[in-house]
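# Analysis of the macromolecular model
For reference, the chains in residue letters:
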Amino acid sequence: LRTLRLLRLARIFKLTRYNKAINTVKVVISSKKEILTVSFVLIIMILYMVSALMFYVENSAQPEVFSSIPKTMWWGVATLTTVGYGDIYPITPLGRVLGGIIAVLGIGIFAIPTGIIASAFTEFIEKEKE
């Protein structure tokens, strides 16, 4: 009986077709789907490259923290998104310089999809006015 009640929640998703704002977001995202996909693939590639680079720089100094490239990717995600949790951090001078460069790079990387979406919204609003 509880499972059937959960199915009633699915009715909420029907409301999206009546909400103009949600439809606008759908149109904007779908109009720039290809370029957004390319930018997210680029972000994943950069994440892998900076994680591999940091692994090779820091593994000898901190083998328990930077023990593999996939484990180092946690540091890469925290640094590229400029969250910087502080649970994993470089201690070598080269690692710290590289970490600073990667943090600044992360600001630019996430600005790309933001700019794409913002320009798509501007285009959509201009078309709506006409």
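Presented here is a report on the structure given in the accompanying data block. (Residues numbered from 1 in each chain as written. Predicted model: local features only at pLDDT ≥ 70, side-chain atom pairs only at ≥ 80, totals over all residues. Heavy atoms only, no water.)

The subject of this paragraph is a nonpolar patch on the surface. A cluster of nonpolar residues, L6, L9, I12, L15 and Y18, forms a patch on the protein surface that exposes about 580 Å² of accessible area. Topologically, L9 is positioned in helix α1 (residues 2-9). (Patch = residues over 30% accessible without salt bridge, like charges linked within 9 Å, V, L, I, M, F, W, Y side chains within 5 Å. Areas by Shrake-Rupley, 256 points an atom, 1.4 Å probe, with all protein chains shown as cover. Salt bridge = Lys/Arg side-chain N within 4 Å of Asp/Glu carboxyl O. Helix = DSSP H or I, 4+ residues; strand = E, 2+ residues; numbered from the N terminus.)

Attention now goes to the nonpolar core. Counting 13 residues, the largest nonpolar core has W75, L80 and I102 as the members making the most contacts within it. Broken down by secondary-structure element, the contributors of at least two residues to this core are α4 (33-58), α5 (69-80) and α6 (93-129). Once you skip the residues sitting within four places of it in the chain, I102 turns out to touch V50, W75, T79 and L80. (Core = buried A, V, L, I, M, F, W, Y, C linked by side-chain atoms within 4.5 Å. Buried < 20%, exposed > 50% of the residue type's maximum accessible area, 1.4 Å probe, protein only. Contact = heavy atoms within 4.5 Å.)

We now examine the pattern of salt bridges. Inspection of the entire model under this criterion finds one salt bridge. For E123, the salt bridge goes to K32, with nearest N and O atoms at 3.6 Å. Placement of the pair is E123 in helix α6 and K32 in the loop between α3 (20-31) and α4, with a sequence separation of 91 residues.

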